[in-house]
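# Analysis of the macromolecular model
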Amino acid sequence: MRARRRRANGTDYLSDALALLSGWTRDGVQLKRELACDESQHAALTERIKVAADTLHIRPSIRRLDGHTQICLGSRDGDAITDGEVTLAARIEDFYRTVVGATQPTP
């Protein structure tokens with residue numbers, strides 16, 4: 001893992017990038033997100049996440065619970081959050097907008 005670059009104001013670039021991802025929470029060494037979607041949206045979202053995760057060599061935890069998809073990036077006993085995990089979180093946001101937007105009924 002690369003060392004985090006510190007900026008002049010004392011923050012690191014991963015924290016700055018994570019701050020731009022609304023809805024994601026940082027729980028120690030994990031990033032977490034809960035997304036509202038139906039079963040078909042969950043399936044489409046999960047498939048897209050798996051392809052991106054394989055490319056980045058990341059193993060996210062994805063589960064379905066009470067009409068929501070819960071995603072965890074990083075392991076509880078792992079190292080600090082990586083730039084790949086933040087990148088995947090950003091891609092997941094794009095995937096979610098695409099999947100939910102594509103399956104919404106038109107007026």
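Residues numbered from 1 in each chain as written. Predicted model: local features only at pLDDT ≥ 70, side-chain atom pairs only at ≥ 80, totals over all residues. Heavy atoms only, no water.

The next thing to look at is unusual backbone geometry. Of note in the backbone geometry, H57 takes a positive phi value of approximately 60 degrees without being a glycine. A relative accessible area of 70% places H57 in the exposed class. Phi at D66 takes a positive value of approximately 50 degrees, unusual for a residue other than glycine. Following the sequence through the fold, D66 ends up in the loop between strand 3 (61-65) and strand 4 (68-73). (Buried < 20%, exposed > 50% of the residue type's maximum accessible area, 1.4 Å probe, protein only. Helix = DSSP H or I, 4+ residues; strand = E, 2+ residues; numbered from the N terminus.)

With that settled, the discussion passes to the pairing of strand 4. When a strand is regular, its side chains alternate between the sheet's two faces. The element strand 4 is extensively covered by neighbouring structure, given that five of its six residues are classed as buried. Pairing between strand 2 (residues 30-36) and strand 4: six bridges, direction antiparallel. Residue A36 lies in a different strand from strand 4, and its bridge partner there is H68. Across five bridges, the pairing between strand 3 and strand 4 is antiparallel. (Pairing = 2+ DSSP bridges.)

Another aspect to go through is the sheet that holds strand 4. Judged by pairing direction, the sheet is antiparallel, and its four strands sit side by side in the order 1-2-4-3 without closing on themselves. The open sheet is flanked by strand 1 (25-27) and strand 3, the only strands paired with a single partner. Ignoring which end each strand starts from, the neighbouring axes of this sheet average 25 degrees apart. Contacts from helix 2 (residues 39-56) reach strand 2, strand 3 and strand 4, with the element oriented near 180 degrees to strand 3. (Axes fitted to C-alpha atoms, helices over the stretch in contact; angles between N-to-C directions. Contact = heavy atoms within 4.5 Å.)

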